[in-house]
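Structure at a glance
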There are 2 protein chains.
Amino acid sequence: MAEWGERLAGVRGVLLDISGVLYDGGEDGGAAIAGSVEAVARLKRSGLKVRFCTNESQKARGALVGLLRQMGFTISKGEVTAPAPAACLVLRERGLRPHLLVHEGIRSEFDQIDMSNPNCVVIADAGEDFSYQNMNKAFQVLMELENPVLISLGKGRYYKETSGLKLDVGAYMKALEYACGIKAEVVGKPSPEFFKSALKEMGVDAHQAIMIGDDIVGDVGGAQRCGMRALQVRTGKFRPSDEHHPEVKADGYVDNLAEAVDLLLLHSDK
Amino acid sequence: MAEWGERLAGVRGVLLDISGVLYDGGEDGGAAIAGSVEAVARLKRSGLKVRFCTNESQKARGALVGLLRQMGFTISKGEVTAPAPAACLVLRERGLRPHLLVHEGIRSEFDQIDMSNPNCVVIADAGEDFSYQNMNKAFQVLMELENPVLISLGKGRYYKETSGLKLDVGAYMKALEYACGIKAEVVGKPSPEFFKSALKEMGVDAHQAIMIGDDIVGDVGGAQRCGMRALQVRTGKFRPSDEHHPEVKADGYVDNLAEAVDLLLLHSDK
């Protein structure tokens, strides 16, 4: 593999995944990953542009940012690209009125959206709210529509909490796709539109940007398909087999965000 | 389309799906479909061989037969081919110790199976037991196995109860397949092994047998791929679009089991 200097040359902006990179979530609120608080602070001081690009769909951005600030991170709501606000834009543009299958914590993001007489379903990481009853209700809404539209906030397979691996929204999206014989529209990583909106908000072109994430497919593969570079951290949902993934090869694998930032500060153009 | 006489010539044995053909299930136990009790009785008196071939995986065979007898059907446990007993054979043959994600009502079928230290997951139509917690547990068991084995009792998309459409096991099978990056093994319709075991138990060759079901893919398509003929009834989960299915064309569509039996008694060889 090329030297780090070559691999990181010309990087001007950094997109950071949040869960599994900054912190591991959990019922107790979760915990910062060792070294990540300082790594974000150093990155922000470095002159590189920084933006957070998350598929978090259990917590509204305000609550997520509040939690991270409590852990010591320097982060504000305006720096976060997240799927719920992106989905609201889509719903408005297309006159869609959603039935929501989402976690209680994210409902407030949809406060301004008309939800009467639903003509689509929006699914997000609902956690314990993925009950049979709630899944069945979403299924029935879709089956009653002439042109069923299913919008999924991300399509992650699973994520890691302090208590272990947890099923993510992608699994339940697949269940509804199969039951209804339809294909969901994904808003969030790895959708190219989503990465592009994050790049635009950061003000950096794809070839000058690098994504740092724990998901080999959603973060690394998705960013690379947009023309960005991407590093995978060995924290969060990382599994050793990811380094031999049949389809996706990261531009580099690092132990954690702290190591990624060390390398970036050494080798990127500031 | 050819005349019924031609389409039904040489039929000597009839496989009957249960749910959606004999009765529609429901929280209240469900209700016989009009004309089906008499149709089964006439069929049995006709000299044609009859066997029941179901993907029912919420109720043990004894309970299912008991419910049907209460509704007036003439049926015994030994006439029913069902996925749970078939799965038990597979588990024994391969030394598999299952973690069960199934409905309480079917656990008794696995009474003789070693379930210590699980090395596979068996999933069935668990209904309300498809909680996030139970799905997550099954997911975690699979992710801890070096060679994860997922056995699914059928792969139906949905079925119809008296209260409406309900998600079937296939949707949850797809969720676990996607989350774990694996392919499930299906025991039940439309698996060819399952149809063949039903034919063997009935003592009739595939080309002399006909399947009657409400599922265009699971019943009709599956039986046809085994060399059988198949009729779809317009009861249960039938939807008008099934008659224009892109991949499967039944040998005939009938309003209900009573009409199917009328035609069989007129045209088949007894």
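Turning our eyes to something else, we now look at the overall build of chain A. A tally of helices and strands in chain A yields nine helices and 14 strands. A compact globule built from 270 residues should have a C-alpha radius of gyration of about 18 Å, and chain A, at 18 Å, falls within 12% of that. Seen through its C-alpha atoms, chain A measures out along the principal axes to roughly 55 × 35 × 35 Å. Counting the 270 residues in chain A, one finds 59% classified as buried. In chain A, once contacts between residues fewer than 6 apart in sequence are set aside, the share between residues at least 24 apart is 65%. Surface accessibility of chain A: about 11,000 Å² in total, with carbon and sulfur atoms responsible for 47%.

Now for the sheet that holds strand β4 (residues 49–53) of chain A. Residues and elements named next belong to chain A. Within the open sheet, the six strands sit side by side as β5-β4-β1-β12-β13-β14. Their pairing is parallel. Single-partner strands in this sheet number two, and they are β5 (80–81) and β14 (252–254). Pairing geometry for strand β1 (residues 13–16) and strand β12 (residues 209–213), over four bridges, is parallel. Each bridged residue has a counterpart across the sheet, and for L16 the counterpart in β12 is I212.

Where the parts come together, the accessible area they lose is often given as the size of the interface. Counting residues at the interface gives 29 residues for chain A and 29 residues for chain B. Taking both partners together, chain A and chain B bury about 2,700 Å²; carbon and sulfur atoms supply 62% of that area. By the criterion of area lost to chain B, the three top residues of chain A are Y132, L167 and Y178 of chain A, representing 31% of everything that side buries. Across the contact surface, chain A and chain B share zero salt bridges. Counting the contacts that link chain A with chain B gives 12 residue pairs in polar contact (both at pLDDT 80 or more). Elements with a minimum of two residues in the side of chain A that touches chain B: α5 (132–143), β9 (158–161), β10 (164–167) and α6 (169–180) of chain A. Residue contributions to the side of chain A that touches chain B peak at eight residues, all from α6 of chain A.

What follows deals with the pattern of salt bridges. Two side chains carrying opposite charge are able to pair once their charged atoms lie near each other. Following the criterion strictly, the structure yields 29 salt bridges over all chains and no others. Two residues, E177 of chain A and K183 of chain A, come together in a salt bridge whose shortest N-O distance is 4.0 Å.

A word on the sheet that holds strand β7 (residues 120–123) of chain A. Residues and elements named next belong to chain A. Spatial strand order, β6-β7-β8-β11: four strands in an open sheet with parallel pairing. The open sheet is flanked by β6 (98–101) and β11 (185–187), the only strands paired with a single partner. Direction aside, the axes of adjacent strands within the sheet are offset by 25° on average. Where β6 lies against β7, four bridges are found, and the strand directions are parallel.

What follows deals with unusual backbone geometry. Residue and element names in this part refer to chain A. K189 connects to P190 through a cis peptide bond whose omega is 5°. If you trace the backbone, P190 turns up in the loop between β11 and α7 (192–202). Its identity is not glycine, yet N117 carries a phi of approximately 45°, on the positive side. With respect to the helices and strands, N117 occurs in the loop between β6 and β7. We classify N117 as exposed; its relative accessible area is 59%.

The rules behind these values
- Residues numbered from 1 in each chain as written.
- Chains lettered and ligands numbered in written order.
- Predicted model: local features only at pLDDT ≥ 70, side-chain atom pairs only at ≥ 80, totals over all residues.
- Heavy atoms only, no water.
- Helix = DSSP H or I, 4+ residues; strand = E, 2+ residues; numbered from the N terminus.
- Rg over C-alpha atoms; globule rule 2.2 N^0.38 Å.
- Buried < 20%, exposed > 50% of the residue type's maximum accessible area, 1.4 Å probe, protein only.
- Contact = heavy atoms within 4.5 Å.
- Areas by Shrake-Rupley, 256 points an atom, 1.4 Å probe, with all protein chains shown as cover.
- Pairing = 2+ DSSP bridges.
- Buried area = accessible area lost by both parts, 1.4 Å probe.
- Salt bridge = Lys/Arg side-chain N within 4 Å of Asp/Glu carboxyl O.
- Polar contact = N/O pair within 3.5 Å; in protein donor to acceptor, adjacent residues only side chain to side chain.
- Axes fitted to C-alpha atoms, helices over the stretch in contact; angles between N-to-C directions.

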